[in-house]
Amino acid sequence: MNQVLENIITRKSVRSFTDKTIEDDILEQIIKAGIHAPSGMNKQSFRFTIVRNKDKMSRLAKEIATELERDVNTYNFYLPDVLIMVSDETENSNGLADCACALENIFLAAHSLGVGSVWINQLKLICDKPKIRAILDEFEIPASHTVWGMAALGYPKENATVTKERKAVIHYVE
Ligand SMILES: Cc1cc2nc3c(=O)[nH]c(=O)nc-3n(C[C@H](O)[C@H](O)[C@H](O)COP(=O)(O)O)c2cc1C
């Protein structure tokens, strides 16, 4: 199997990270993979907001947890080293699809560089709640944007195994 296919097949979500900082050049390669994702009509209207400040990350997590009535003590994006918030124009009918392509590129690039990742999904429906939007404003995410997904990134704490259950969803029409 070639390396690209092997990287795709062995990627899995990581939800437990070490304290090790992701080196700037590694992070830059991961972000570059994101911005090279395809986008509908080549709009490239997605935006990547990188959060490394742990206080700001924690404040965002607490506000999301409060808004969604989740446990503020345990909802923490799995304490990643870096959070990449991927947003796009709310009015762009391809926004979610474009951001999903970018996120998958981010996950695959991260995996190829030994960095673990997982999609964090809770923000997309609550971006316009006043307390959440206030934080997004502070992060300079445009008011016209929805954060469709986020990537939590860090070095994996546990050795990721490659065994993954996959359902039989393929059907060839003869
Ligand atoms: C649209 C989407 C939303 C997801 N949201 C979350 C999430 O909020 N928290 C989480 O821990 N994992 C989330 N995941 C990760 C999935 O749970 C994971 O991809 C799935 O269980 C398959 O495991 P794998 O990524 O290891 O192949 C999400 C994945 C996708 C594609």
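Criteria and cut-off values
Residues numbered from 1 in each chain as written. Predicted model: local features only at pLDDT ≥ 70, side-chain atom pairs only at ≥ 80, totals over all residues. Heavy atoms only, no water. Axes fitted to C-alpha atoms, helices over the stretch in contact; angles between N-to-C directions. Helix = DSSP H or I, 4+ residues; strand = E, 2+ residues; numbered from the N terminus. Parallel < 35°, antiparallel > 145°, perpendicular 65-115°, else oblique. Left-handed = near helix turned anticlockwise from the far one by under 90°. Contact = heavy atoms within 4.5 Å. Nonpolar A, V, L, I, M, F, W, Y, C, P; charged D, E, K, R; others polar. Near = heavy atom within 4 Å. Polar contact = N/O pair within 3.5 Å; in protein donor to acceptor, adjacent residues only side chain to side chain. Areas by Shrake-Rupley, 256 points an atom, 1.4 Å probe, with all protein chains shown as cover. UniProt positions renumbered as here; feature names shortened; annotations may be inferred. Expected span 1.5 Å × (residues − 1). Buried < 20%, exposed > 50% of the residue type's maximum accessible area, 1.4 Å probe, protein only.

- The protein chain appears in an unreviewed UniProt entry as Nitroreductase from Anaeromicropila herbilytica.

1. Focus on the packing of helix 2 (residues 24–35) against helix 4 (residues 95–112)
Here comes step 1: At their nearest, the axes of helix 2 and helix 4 sit 7 Å apart, and the two run at 150° to each other. Viewed along their axes, helix 2 and helix 4 adopt a mutual orientation that is roughly antiparallel. Crossing of helix 2 against helix 4: the hand is right-handed. Between helix 2 and helix 4, the residues in contact are Ile30, Ala33 and Gly34 and Ala102, Asn105, Ile106, Ala109 and Ala110, respectively.
Here comes step 2: Each residue belonging to the contact of helix 2 with helix 4 can be placed in one class, and the counts come to six nonpolar, two polar and no charged.

2. With respect to the side chain of serine 87
Here comes step 1: For serine 87, the position within the fold is in strand 2 (residues 82–89).
Here comes step 2: For serine 87, the residues in contact, after removing those within four places along its chain, are Ser45, Phe46, Arg47, Cys99, Ile141, His145, Thr146, Val147 and Trp148.

3. Structural notes on the site of the ligand
Here comes step 1: Every residue lining the ligand is accounted for by Arg11, Lys12, Ser13, Arg15, Tyr78, Val118, Trp119, Ile120, Asn121, Gln122, Lys164 and Arg166.
Here comes step 2: Between the ligand and the protein, one listed contact pairs an oxygen atom with a side-chain N or O atom of arginine 166 at 2.7 Å.
Here comes step 3: Protein contact buries 60% of the 620 Å² of open area that the ligand shows by itself.
Here comes step 4: Counted by class, the shell around the ligand contains four nonpolar, three polar and five charged residues.

4. Side note on the UniProt feature "domain: Nitroreductase" (unreviewed entry) in the protein chain
Here comes step 1: UniProt records the feature "domain: Nitroreductase" (unreviewed entry) at residues 9–155, using the numbering of this structure.
Here comes step 2: With 37% helix and 19% strand, residues 9–155 has its two end C-alpha atoms placed 19 Å apart.

5. Here we look at the environment of tryptophan 148
Here comes step 1: Along the chain, tryptophan 148 turns up in strand 4 (residues 145–154).
Here comes step 2: Those residues in contact with tryptophan 148 that lie beyond four places of it in its chain are Val86, Ser87, Asp88, Gly95, Leu96, Cys99, Trp119, Asn121 and Lys124.

6. Considerations on helix 4
Here comes step 1: With 18 residues, helix 4 should reach 26 Å at 1.5 Å per residue; the first-to-last C-alpha distance of 26 Å fits that figure.
Here comes step 2: For helix 4, the set of buried residues is Gly95, Asp98, Cys99, Ala102, Leu103, Ile106, Phe107, Leu108, Ala109 and Ala110.
Here comes step 3: Against helix 1 (3–10), helix 2, strand 1 (47–51), strand 2, strand 3 (116–120) and strand 4 lie the buried residues of helix 4.

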